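# Remarks on the overall topology
Each chain is listed here by its residues.
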Amino acid sequence: MFIIRWIIEKLAKFFSSKAGKIAAWIGVGVGAGAAAYGGVEIGKAVKLSKRAQKIRDEALQRHEEHYNKVQSALEAAGNKKLAVVKSFEDFANQMEKLQGRPEFADIMPNDCDLPKFTAEDLKVISNKVALAVEGAAFAGAGAGIGIAAYGLNVFAFGPGVLFAGVGILVAGEHIKKKAIENNKQAKLLSKEVKQIVAQYDELTDAAENLTKQLDDIYSQYQRYFGKMKKILAKKTQWNDLAEKEQRVIKDTVMLVGTLFELCKIELVVKERKTESINTEAVKKSEVTVDKTLKRTKKKFLIFG
């Protein structure tokens, strides 16, 4: 897995260097010292520095595009997670109407391999997400719901801060030397951005994958929950429910259990002093989601 904190360390190291602190100034007012090199040397140096400027600008534009994309993906995942956990309260209230019912762990279908959960577990995960969202709102500074919910403080900085003060210098008696150095540093920056963008893209893919899984299960849950509410509007004793009605309740609980497991997934996890993208967990959950959907879609057609 890629190390998220490495992104900041890479940029911080680069921009704390001498090259990273150079102020932007190009092609005008080169002064008497620069003129000593003659028109030819000045022309070469200016062309080289313009090339460096172009490399630098393209790298920063590429970074900003992928940065904004990962921000949007995380925002969508966070918003979907928030919508899901908010629905847990309504589910718990409906379950409270059902008298003589078994515990959640016993209601889950026997052949379901999801970890058992309780009503208290639902409250814990709901509070965790809610607190993260409140933290995002309080923090402001462009930190979105998705970012705060997944603990990605690293993204609160942004390209405007990360690349502040970076420029290409062509002035003074060392014009040619500076131009060559600027070209090297611009290429280095482009290389660093390429590596960073690859990690942004991995995180974007993981966020979009998780959002789709949540969407798919939540849509199916809403169908089952609608049937569950109709059943409980007429009957509130577990033993009074027909076998088919009990199975609707059981599969609704299974769908909630699947949502619960998805909401527990952190897209970025801490490993000792580093943070890494949790691609493995998102991929693994695809199997669980697929099993749950196949099971419930088939039964939903039977129940009508």
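Keep in mind that what you see is a predicted model, and the values were worked out from it rather than measured. (Residues numbered from 1 in each chain as written. Predicted model: local features only at pLDDT ≥ 70, side-chain atom pairs only at ≥ 80, totals over all residues. Heavy atoms only, no water.)

## Thoughts on the overall build of the protein chain
Looking only at helices and strands, the protein chain has 10 helices and two strands in total. N-terminal to C-terminal, the α/β element order of the protein chain is α-α-α-α-α-α-α-α-α-β-β-α. For the protein chain, the proportion of its 304 residues judged to be buried stands at 46%. Surface summary for the protein chain: the accessible area is close to 15900 Å², and the carbon and sulfur share equals 54%. (Helix = DSSP H or I, 4+ residues; strand = E, 2+ residues; numbered from the N terminus. Buried < 20%, exposed > 50% of the residue type's maximum accessible area, 1.4 Å probe, protein only. Areas by Shrake-Rupley, 256 points an atom, 1.4 Å probe, with all protein chains shown as cover.)

## Regarding the pairing of strand β1 (residues 268–271)
Where β1 lies against strand β2 (residues 274–277), four bridges are found, and the strand directions are antiparallel. Of the residues in β2, the one forming a bridge with Glu-271 is Thr-274. Connecting the antiparallel pair β1 and β2 is a turn made up of two residues, with Arg-272 showing a positive phi of about 60°. (Pairing = 2+ DSSP bridges.)

## Brief notes about helix α9 (residues 243–264)
Its 22 residues give α9 an end-to-end C-alpha distance of 31 Å, which sits within 8% of 32 Å, the value for a rise of 1.5 Å per residue. Burial runs high along α9: 17 of the 22 residues are buried. (Expected span 1.5 Å × (residues − 1).)

## Observations concerning the confidence of the model for the protein chain
For the protein chain, per-residue confidence averages 74 on the pLDDT scale, and 66% of positions sit at 70 or higher. Contacts of residues 18–38 to residues separated by more than four positions or lying in other chains number 44 contacts, the stretch itself having pLDDT below 50. (pLDDT = per-residue confidence, 0-100. Contact = heavy atoms within 4.5 Å.)

## Here we look at the nonpolar core
Ranked by size, the top nonpolar core spans 55 residues in total, and within it Phe-91 and Leu-267 carry the most contacts. Listed by contribution, the elements that provide at least two residues to this core are α3 (38–97), α4 (104–107), α5 (119–139), α8 (175–234), α9 and α10 (279–303). Of all the elements, α8 adds the most residues to this core, at 15 residues. Apart from the residues lying within four places of it in its own chain, the contact partners of Phe-91 are Phe-104, Leu-122, Tyr-221, Phe-225, Met-228, Thr-252, Val-253 and Val-256. One finds Ala-59, Leu-60, Val-193 and Val-197 within the second-largest nonpolar core, a separate group that totals five residues. (Core = buried A, V, L, I, M, F, W, Y, C linked by side-chain atoms within 4.5 Å.)

## As for the side chain of Glu-261
Inspection of the secondary structure puts Glu-261 in helix α9. Contact partners of Glu-261, with chain neighbours within four places excluded, come to Leu-114 and Pro-115.

## A look at the side chain of Thr-292
Looking at where Thr-292 falls in the secondary structure, it is placed in helix α10. Take Thr-292: its relative accessible area is 4%, and that puts it in the buried class. The residues contacting Thr-292, other than those within four sequence positions of it, are Ile-217, Met-254, Leu-255 and Thr-258.

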